[in-house]
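One-letter residues, chain by chain:
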Amino acid sequence: MIAEKAIVERLKKTSQRKIMEYKNILFSVEEGIATVTFNRPKVLNAMNYEVMSELLDAVTVCEKDESVRALILTGAGEKAFVAGADISQMQDSSVLEIQKMMELGHRTLWLIETMPKPSIAAVNGLALGGGTEIALACDIRFASEKATFGQPEILIGIIPGWGGTQRLPRLVGMGIAKEMILGGGQITAQRAYEIGLVNRVCVPEKLMEEARAFALKLAKLPPFALKMAKNAMNYGFDMSLDNANKLEISCIAQCFSTQDQKEGMRAVLEKRKPNFLGK
Ligand code: CAA
(Lines give C-alpha, C1' and ligand atoms only; values in the text may rest on other atoms or scores of the structure.)
Protein backbone atom coordinates (compact mmCIF):
# COMPACT_ATOMS: atom_id res chain seq x y z
CA MET A 1 0.00 0.00 0.00
CA ILE A 2 2.80 2.43 0.92
CA ALA A 3 4.54 1.71 -2.39
CA GLU A 4 1.28 2.35 -4.29
CA LYS A 5 0.80 5.69 -2.51
CA ALA A 6 4.35 6.70 -3.36
CA ILE A 7 3.76 5.92 -7.05
CA VAL A 8 0.60 8.02 -7.19
CA GLU A 9 2.10 10.94 -5.22
CA ARG A 10 4.67 11.48 -7.95
CA LEU A 11 1.93 13.05 -10.09
CA LYS A 12 2.28 16.83 -9.82
CA LYS A 13 -0.97 18.74 -9.47
CA THR A 14 -1.56 21.90 -11.49
CA SER A 15 -4.85 23.80 -11.28
CA GLN A 16 -6.75 21.69 -13.83
CA ARG A 17 -4.75 18.56 -14.25
CA LYS A 18 -2.05 16.30 -12.96
CA ILE A 19 1.18 15.80 -14.88
CA MET A 20 4.31 13.76 -14.66
CA GLU A 21 7.46 14.75 -16.49
CA TYR A 22 9.34 12.28 -18.65
CA LYS A 23 12.03 12.68 -21.29
CA ASN A 24 10.32 10.95 -24.21
CA ILE A 25 6.61 10.93 -23.46
CA LEU A 26 4.09 13.55 -22.33
CA PHE A 27 1.79 12.42 -19.54
CA SER A 28 -1.20 14.21 -18.06
CA VAL A 29 -4.42 13.36 -16.27
CA GLU A 30 -7.50 15.52 -16.73
CA GLU A 31 -11.13 14.74 -15.87
CA GLY A 32 -10.14 11.16 -15.06
CA ILE A 33 -8.53 10.67 -18.48
CA ALA A 34 -4.80 9.94 -18.59
CA THR A 35 -3.11 10.76 -21.89
CA VAL A 36 0.27 9.43 -22.94
CA THR A 37 1.78 11.10 -26.01
CA PHE A 38 4.85 9.49 -27.56
CA ASN A 39 7.09 12.47 -28.09
CA ARG A 40 10.06 11.77 -30.36
CA PRO A 41 8.60 13.09 -33.62
CA LYS A 42 12.03 13.48 -35.26
CA VAL A 43 12.36 9.70 -35.34
CA LEU A 44 8.65 9.14 -35.90
CA ASN A 45 8.21 8.27 -32.21
CA ALA A 46 10.29 5.09 -32.52
CA MET A 47 10.41 3.20 -29.22
CA ASN A 48 13.75 2.50 -27.58
CA TYR A 49 14.31 0.88 -24.18
CA GLU A 50 14.07 4.20 -22.37
CA VAL A 51 10.75 5.18 -23.98
CA MET A 52 9.26 1.78 -23.21
CA SER A 53 10.45 2.10 -19.58
CA GLU A 54 8.74 5.48 -19.33
CA LEU A 55 5.54 4.02 -20.81
CA LEU A 56 5.62 1.19 -18.26
CA ASP A 57 6.06 3.73 -15.46
CA ALA A 58 3.17 5.91 -16.71
CA VAL A 59 0.84 2.92 -17.16
CA THR A 60 1.73 1.70 -13.65
CA VAL A 61 0.68 5.11 -12.31
CA CYS A 62 -2.60 4.86 -14.26
CA GLU A 63 -3.23 1.42 -12.81
CA LYS A 64 -2.61 2.56 -9.22
CA ASP A 65 -4.18 6.05 -9.22
CA GLU A 66 -7.89 5.74 -8.49
CA SER A 67 -8.60 9.11 -10.12
CA VAL A 68 -7.53 7.68 -13.50
CA ARG A 69 -10.53 6.03 -15.12
CA ALA A 70 -9.36 5.66 -18.75
CA LEU A 71 -6.15 5.95 -20.75
CA ILE A 72 -5.48 7.38 -24.23
CA LEU A 73 -2.24 6.70 -26.12
CA THR A 74 -1.27 8.87 -29.08
CA GLY A 75 1.75 10.22 -30.96
CA ALA A 76 3.25 13.71 -31.24
CA GLY A 77 3.79 15.34 -34.62
CA GLU A 78 2.00 15.19 -37.93
CA LYS A 79 3.34 11.96 -39.24
CA ALA A 80 3.50 9.10 -36.79
CA PHE A 81 1.82 7.31 -33.92
CA VAL A 82 4.86 5.05 -33.47
CA ALA A 83 7.07 3.81 -36.36
CA GLY A 84 8.12 0.74 -34.39
CA ALA A 85 10.92 -0.28 -32.09
CA ASP A 86 14.04 1.85 -32.50
CA ILE A 87 16.08 0.22 -35.24
CA SER A 88 19.19 2.28 -34.50
CA GLN A 89 19.23 0.90 -30.96
CA MET A 90 18.38 -2.65 -32.02
CA GLN A 91 20.68 -3.15 -34.99
CA ASP A 92 23.82 -4.18 -33.06
CA SER A 93 22.08 -5.61 -30.02
CA SER A 94 23.00 -8.99 -28.62
CA VAL A 95 20.45 -11.77 -28.23
CA LEU A 96 20.27 -11.07 -24.50
CA GLU A 97 19.76 -7.33 -25.00
CA ILE A 98 16.94 -7.94 -27.47
CA GLN A 99 15.36 -10.47 -25.16
CA LYS A 100 15.41 -7.85 -22.38
CA MET A 101 13.89 -5.21 -24.66
CA MET A 102 11.14 -7.52 -25.90
CA GLU A 103 10.35 -8.66 -22.35
CA LEU A 104 10.00 -5.05 -21.25
CA GLY A 105 7.62 -4.35 -24.16
CA HIS A 106 5.56 -7.44 -23.40
CA ARG A 107 5.35 -6.56 -19.71
CA THR A 108 4.16 -3.04 -20.55
CA LEU A 109 1.62 -4.08 -23.18
CA TRP A 110 0.29 -6.87 -20.97
CA LEU A 111 -0.30 -4.31 -18.23
CA ILE A 112 -2.18 -2.03 -20.66
CA GLU A 113 -4.29 -4.94 -21.89
CA THR A 114 -5.15 -6.42 -18.51
CA MET A 115 -5.31 -3.42 -16.18
CA PRO A 116 -8.79 -2.76 -14.85
CA LYS A 117 -9.12 0.53 -16.74
CA PRO A 118 -10.02 0.87 -20.42
CA SER A 119 -7.47 2.17 -22.93
CA ILE A 120 -7.88 3.81 -26.33
CA ALA A 121 -5.17 4.08 -28.99
CA ALA A 122 -5.70 7.33 -30.92
CA VAL A 123 -3.61 6.45 -33.95
CA ASN A 124 -2.69 9.75 -35.59
CA GLY A 125 -0.30 8.50 -38.29
CA LEU A 126 2.14 5.68 -39.02
CA ALA A 127 1.69 2.70 -36.71
CA LEU A 128 4.35 0.27 -37.85
CA GLY A 129 5.79 -2.79 -36.11
CA GLY A 130 5.80 -1.98 -32.41
CA GLY A 131 3.39 0.89 -33.18
CA THR A 132 0.70 -1.47 -34.41
CA GLU A 133 1.52 -3.76 -31.47
CA ILE A 134 1.00 -0.96 -28.92
CA ALA A 135 -2.36 -0.17 -30.55
CA LEU A 136 -3.29 -3.88 -30.45
CA ALA A 137 -2.74 -3.99 -26.69
CA CYS A 138 -5.27 -1.20 -26.16
CA ASP A 139 -8.92 -2.10 -25.68
CA ILE A 140 -10.14 0.21 -28.45
CA ARG A 141 -8.49 1.81 -31.50
CA PHE A 142 -9.53 5.04 -33.21
CA ALA A 143 -7.52 6.03 -36.28
CA SER A 144 -7.03 9.21 -38.25
CA GLU A 145 -7.84 8.88 -41.97
CA LYS A 146 -4.10 9.47 -42.45
CA ALA A 147 -3.02 6.54 -40.28
CA THR A 148 -1.37 3.45 -41.73
CA PHE A 149 -0.78 0.14 -40.03
CA GLY A 150 1.69 -2.63 -40.69
CA GLN A 151 4.02 -5.27 -39.34
CA PRO A 152 7.07 -4.66 -41.58
CA GLU A 153 9.56 -6.56 -39.40
CA ILE A 154 9.99 -9.32 -42.00
CA LEU A 155 11.42 -6.70 -44.37
CA ILE A 156 14.33 -6.12 -41.97
CA GLY A 157 14.99 -9.77 -41.19
CA ILE A 158 13.03 -10.17 -37.97
CA ILE A 159 9.48 -10.82 -36.81
CA PRO A 160 7.10 -8.83 -34.55
CA GLY A 161 8.32 -8.95 -30.95
CA TRP A 162 5.76 -7.06 -28.88
CA GLY A 163 2.83 -9.41 -29.38
CA GLY A 164 1.96 -8.88 -33.06
CA THR A 165 2.14 -12.57 -33.94
CA GLN A 166 -0.35 -13.31 -31.16
CA ARG A 167 -2.69 -10.33 -30.81
CA LEU A 168 -3.11 -9.59 -34.53
CA PRO A 169 -4.49 -13.06 -35.47
CA ARG A 170 -6.74 -12.98 -32.41
CA LEU A 171 -8.20 -9.65 -33.56
CA VAL A 172 -8.42 -9.93 -37.35
CA GLY A 173 -8.14 -13.70 -37.98
CA MET A 174 -5.17 -15.83 -38.96
CA GLY A 175 -5.43 -15.35 -42.75
CA ILE A 176 -5.26 -11.56 -42.75
CA ALA A 177 -2.67 -11.55 -39.94
CA LYS A 178 -0.45 -13.86 -41.98
CA GLU A 179 -0.87 -11.63 -45.04
CA MET A 180 0.30 -8.64 -42.99
CA ILE A 181 3.10 -10.32 -41.01
CA LEU A 182 4.53 -12.55 -43.76
CA GLY A 183 4.15 -9.91 -46.50
CA GLY A 184 5.22 -6.95 -44.37
CA GLY A 185 2.95 -4.53 -46.25
CA GLN A 186 1.14 -1.50 -44.90
CA ILE A 187 -2.62 -0.96 -44.86
CA THR A 188 -4.69 2.22 -44.77
CA ALA A 189 -6.91 3.25 -41.88
CA GLN A 190 -9.96 2.41 -44.01
CA ARG A 191 -8.68 -1.12 -44.65
CA ALA A 192 -7.83 -1.45 -40.95
CA TYR A 193 -11.44 -0.54 -40.20
CA GLU A 194 -12.76 -3.10 -42.71
CA ILE A 195 -10.79 -5.95 -41.12
CA GLY A 196 -11.72 -4.96 -37.56
CA LEU A 197 -8.28 -3.72 -36.60
CA VAL A 198 -9.66 -0.28 -35.77
CA ASN A 199 -13.03 0.61 -34.30
CA ARG A 200 -13.44 4.03 -35.88
CA VAL A 201 -11.81 6.18 -38.58
CA CYS A 202 -11.86 9.94 -37.87
CA VAL A 203 -10.91 13.06 -39.79
CA PRO A 204 -7.47 13.99 -38.44
CA GLU A 205 -8.63 17.18 -36.69
CA LYS A 206 -11.33 15.26 -34.80
CA LEU A 207 -9.29 12.24 -33.73
CA MET A 208 -8.37 13.41 -30.22
CA GLU A 209 -11.79 14.98 -29.69
CA GLU A 210 -13.49 11.67 -30.50
CA ALA A 211 -11.03 9.66 -28.41
CA ARG A 212 -11.52 12.01 -25.45
CA ALA A 213 -15.31 11.97 -25.77
CA PHE A 214 -15.32 8.18 -25.71
CA ALA A 215 -12.81 8.05 -22.85
CA LEU A 216 -14.96 10.50 -20.89
CA LYS A 217 -17.98 8.28 -21.44
CA LEU A 218 -16.00 5.28 -20.17
CA ALA A 219 -14.69 7.30 -17.21
CA LYS A 220 -18.23 7.85 -15.97
CA LEU A 221 -19.16 4.16 -16.04
CA PRO A 222 -18.88 1.91 -12.99
CA PRO A 223 -15.16 1.00 -12.73
CA PHE A 224 -15.64 -2.40 -11.13
CA ALA A 225 -18.03 -3.51 -13.89
CA LEU A 226 -15.52 -2.30 -16.50
CA LYS A 227 -12.83 -4.34 -14.77
CA MET A 228 -15.03 -7.44 -14.70
CA ALA A 229 -16.00 -6.99 -18.38
CA LYS A 230 -12.32 -6.76 -19.34
CA ASN A 231 -11.40 -9.77 -17.19
CA ALA A 232 -14.18 -11.92 -18.65
CA MET A 233 -13.18 -11.07 -22.23
CA ASN A 234 -9.38 -11.05 -21.81
CA TYR A 235 -9.07 -14.23 -19.77
CA GLY A 236 -12.07 -16.05 -21.25
CA PHE A 237 -10.88 -15.66 -24.85
CA ASP A 238 -8.34 -18.48 -24.71
CA MET A 239 -10.42 -20.83 -22.53
CA SER A 240 -12.86 -23.49 -23.62
CA LEU A 241 -16.33 -21.97 -24.08
CA ASP A 242 -17.55 -23.94 -21.06
CA ASN A 243 -14.82 -22.59 -18.74
CA ALA A 244 -15.10 -19.10 -20.19
CA ASN A 245 -18.82 -19.07 -19.49
CA LYS A 246 -18.10 -20.09 -15.88
CA LEU A 247 -15.62 -17.20 -15.66
CA GLU A 248 -18.35 -14.88 -16.91
CA ILE A 249 -20.74 -16.08 -14.20
CA SER A 250 -18.12 -15.40 -11.55
CA CYS A 251 -17.42 -11.93 -12.98
CA ILE A 252 -21.08 -10.86 -13.13
CA ALA A 253 -21.69 -12.25 -9.64
CA GLN A 254 -18.83 -10.14 -8.24
CA CYS A 255 -20.50 -6.99 -9.63
CA PHE A 256 -23.26 -7.58 -7.06
CA SER A 257 -20.75 -6.74 -4.31
CA THR A 258 -20.71 -3.08 -5.47
CA GLN A 259 -22.87 -0.08 -4.62
CA ASP A 260 -22.72 0.90 -8.29
CA GLN A 261 -24.70 -2.22 -9.25
CA LYS A 262 -27.40 -1.29 -6.72
CA GLU A 263 -27.40 2.32 -7.94
CA GLY A 264 -27.49 1.36 -11.64
CA MET A 265 -30.46 -0.96 -11.23
CA ARG A 266 -32.30 1.37 -8.85
CA ALA A 267 -31.88 4.23 -11.35
CA VAL A 268 -33.47 2.19 -14.15
CA LEU A 269 -36.47 1.32 -12.00
CA GLU A 270 -36.80 4.90 -10.77
CA LYS A 271 -36.47 6.17 -14.38
CA ARG A 272 -33.53 8.51 -13.65
CA LYS A 273 -29.86 8.74 -14.54
CA PRO A 274 -27.54 6.72 -12.28
CA ASN A 275 -25.01 8.42 -10.03
CA PHE A 276 -22.10 5.99 -9.93
CA LEU A 277 -19.62 6.47 -7.07
CA GLY A 278 -17.03 3.92 -8.14
CA LYS A 279 -17.79 1.83 -5.06
N1 CAA B 1 13.62 3.22 -35.60
C2 CAA B 1 14.53 4.22 -35.59
N3 CAA B 1 14.44 5.32 -36.34
C4 CAA B 1 13.36 5.41 -37.15
C5 CAA B 1 12.37 4.41 -37.22
C6 CAA B 1 12.53 3.27 -36.39
N7 CAA B 1 11.63 2.28 -36.35
N8 CAA B 1 11.43 4.77 -38.12
C9 CAA B 1 11.82 5.97 -38.60
N10 CAA B 1 12.98 6.37 -38.00
C11 CAA B 1 13.73 7.60 -38.24
C12 CAA B 1 14.47 7.59 -39.55
O13 CAA B 1 15.70 6.89 -39.42
C14 CAA B 1 14.67 9.07 -39.81
O15 CAA B 1 15.71 9.53 -38.98
P16 CAA B 1 16.80 10.60 -39.59
O17 CAA B 1 15.99 11.82 -39.91
O18 CAA B 1 17.75 10.78 -38.47
O19 CAA B 1 17.37 9.96 -40.80
C20 CAA B 1 13.38 9.68 -39.24
O21 CAA B 1 12.84 8.69 -38.37
C22 CAA B 1 12.36 9.96 -40.31
O23 CAA B 1 12.14 8.77 -41.05
P24 CAA B 1 12.34 8.67 -42.65
O25 CAA B 1 13.27 9.75 -43.13
O26 CAA B 1 12.70 7.26 -42.96
O27 CAA B 1 10.87 9.01 -43.11
P28 CAA B 1 10.15 8.48 -44.43
O29 CAA B 1 8.85 9.19 -44.49
O30 CAA B 1 11.05 8.56 -45.60
O31 CAA B 1 9.87 6.91 -44.14
C32 CAA B 1 9.11 5.02 -42.85
C33 CAA B 1 9.00 6.54 -43.11
C34 CAA B 1 8.58 4.25 -44.04
C35 CAA B 1 8.27 4.72 -41.63
C36 CAA B 1 10.58 4.63 -42.61
O37 CAA B 1 11.12 5.52 -41.63
C38 CAA B 1 10.75 3.24 -42.09
O39 CAA B 1 10.71 2.29 -42.84
N40 CAA B 1 10.91 3.08 -40.73
C41 CAA B 1 11.05 1.79 -40.13
C42 CAA B 1 9.68 1.14 -39.88
C43 CAA B 1 9.88 -0.25 -39.30
O44 CAA B 1 10.50 -1.11 -39.90
N45 CAA B 1 9.31 -0.48 -38.09
C46 CAA B 1 9.43 -1.75 -37.42
C47 CAA B 1 10.57 -1.71 -36.45
S48 CAA B 1 10.94 -3.25 -35.76
C49 CAA B 1 9.81 -3.50 -34.56
O50 CAA B 1 8.95 -2.68 -34.28
C51 CAA B 1 9.96 -4.79 -33.81
C52 CAA B 1 8.92 -5.09 -32.81
O53 CAA B 1 7.95 -5.76 -33.07
C54 CAA B 1 9.01 -4.59 -31.45
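Structure shown above.
Before going into details, it helps to say that this report is about the structure given with it. The shown structure was predicted, so the numbers you read here are calculated from the model rather than taken from an experiment.

Cut-off values and rules
- Residues numbered from 1 in each chain as written.
- Predicted model: local features only at pLDDT ≥ 70, side-chain atom pairs only at ≥ 80, totals over all residues.
- Heavy atoms only, no water.
- Helix = DSSP H or I, 4+ residues; strand = E, 2+ residues; numbered from the N terminus.
- Rg over C-alpha atoms; globule rule 2.2 N^0.38 Å.
- Buried < 20%, exposed > 50% of the residue type's maximum accessible area, 1.4 Å probe, protein only.
- Contact = heavy atoms within 4.5 Å.
- Areas by Shrake-Rupley, 256 points an atom, 1.4 Å probe, with all protein chains shown as cover.
- Lys, Arg positive; Asp, Glu negative; His and termini not counted.
- Charge placed at Lys NZ, Arg CZ, Asp CG, Glu CD.
- Near = heavy atom within 4 Å.
- Polar contact = N/O pair within 3.5 Å; in protein donor to acceptor, adjacent residues only side chain to side chain.
- Nonpolar A, V, L, I, M, F, W, Y, C, P; charged D, E, K, R; others polar.
- Core = buried A, V, L, I, M, F, W, Y, C linked by side-chain atoms within 4.5 Å.
- Axes fitted to C-alpha atoms, helices over the stretch in contact; angles between N-to-C directions.
- Parallel < 35°, antiparallel > 145°, perpendicular 65-115°, else oblique.
- Salt bridge = Lys/Arg side-chain N within 4 Å of Asp/Glu carboxyl O.
- Left-handed = near helix turned anticlockwise from the far one by under 90°.
- Pairing = 2+ DSSP bridges.

### A look at the overall build of the protein chain
Step number 1: Secondary structure summary: the protein chain contains 12 helices and 12 strands in total.
Step number 2: A compact globule built from 279 residues should have a C-alpha radius of gyration of about 19 Å, and the protein chain, at 19 Å, falls within 12% of that.
Step number 3: Based on the C-alpha atoms only, the size of the protein chain along its principal axes is roughly 60 × 45 × 40 Å.
Step number 4: Here the protein chain, with 279 residues, has 48% of them falling under the buried criterion.
Step number 5: Partitioning the intrachain contacts of the protein chain with sequence separation of at least 6 by distance along the chain shows that 66% fall at a separation of at least 24.
Step number 6: A total of about 14600 Å² of accessible surface is found on the protein chain, and carbon and sulfur atoms cover 58% of it.
Step number 7: Each charge sign in the protein chain was given a centre, from 35 positive and 32 negative side chains, and these centres are 5 Å apart.

### Considering the environment of R167
Step number 1: By the secondary structure assignment, R167 is in helix α6 (residues 164-172).
Step number 2: On a C-alpha basis, the gap between R167 and K227 in space is 20 Å, while along the polypeptide they are 60 residues apart.
Step number 3: Ignoring any residue separated from it by four or fewer positions in sequence, one finds R167 in contact with L109, W110, E113, L136, A137 and W162.

### Here we look at the site of the ligand
Step number 1: Around the ligand, the structure places 22 residues, and the nearest of them are K79, A85, G130, E133 and E153.
Step number 2: The contact in question runs from an oxygen atom of the ligand to an N or O atom on the side chain of E153, over 2.8 Å.
Step number 3: In isolation the ligand has 970 Å² of accessible area, and contact with the protein removes 61% of it.
Step number 4: Secondary structure elements with two or more residues in the shell around the ligand: α3 (87-90), β8 (126-128) and α5 (130-137).
Step number 5: Each residue belonging to the shell around the ligand can be placed in one class, and the counts come to 13 nonpolar, four polar and five charged.

### Comments concerning the nonpolar core
Step number 1: In this structure, F27, F38, L73, F81, F149 and L197 are the most contacted members of the largest nonpolar core, which totals 56 residues.
Step number 2: Ignoring any residue separated from it by four or fewer positions in sequence, one finds F149 in contact with V123, A127, L128, T132, A143, G185, Q186, I187, A189, A192, L197 and V198.
Step number 3: Counting 16 residues, the second-largest nonpolar core is a separate cluster that includes A70, I72, M208 and L226.

### As for the packing of helix α10 (residues 223-236) against helix α11 (residues 241-255)
Step number 1: At a minimum axis separation of 9 Å, α10 and α11 run at an interaxial angle of 170 degrees. Considered as vectors, α10 and α11 are oriented roughly antiparallel to each other. For the pair formed by α10 and α11, the contact residues are F224, A225, M228, N231, A232, Y235 and G236 on the first element and A244, L247, C251, Q254 and C255 on the second.
Step number 2: Of the residues contributing to the contact of α10 with α11, the split by class is nine nonpolar, three polar and no charged.

### Comments concerning the side chain of K117
Step number 1: One can find K117 in the loop between α4 (95-114) and β7 (119-123).
Step number 2: Buried within the structure, K117 lacks any salt-bridge partner; D65 is the closest side chain of opposite charge, at an N-O distance of 6.1 Å.
Step number 3: A distance of 3.3 Å separates a polar atom in the side chain of K117 from the backbone oxygen of E63.
Step number 4: There is a polar contact of 3.1 Å between the side chain of K117 and the backbone oxygen of V68.
Step number 5: For K117, the residues in contact, after removing those within four places along its chain, are C62, E63, K64, D65, E66, V68, R69, D139 and K230.

### As for the packing of α6 against helix α7 (residues 174-183)
Step number 1: Viewed as axis vectors pointing N to C, α6 and α7 meet at an angle of 140 degrees, and their least axial separation amounts to 7 Å. Comparing their axes, α7 and α6 come out oblique. Judged by the sense of rotation from one axis to the other, the crossing of α6 with α7 is right-handed. From α6, G164, T165, L168, P169 and V172 reach across to α7, where they touch M174, I176, A177, M180 and I181.

### Overview of the sheet that holds strand β12 (residues 200-202)
Step number 1: In spatial order, the strands read β1-β2-β3-β4-β5-β7-β9-β12; together these eight strands make up an open sheet with mixed pairing. The sheet is open, and its two edges are formed by β1 (12-13) and β12, each paired on a single side.
Step number 2: Of the strand pairs in this sheet, strand β2 (residues 18-21) and strand β3 (residues 25-30) are connected by four bridges, and their pairing is antiparallel. Counterpart to K18 in the pairing with β3 is V29.

Function cannot be read off these values alone, since they describe shape.
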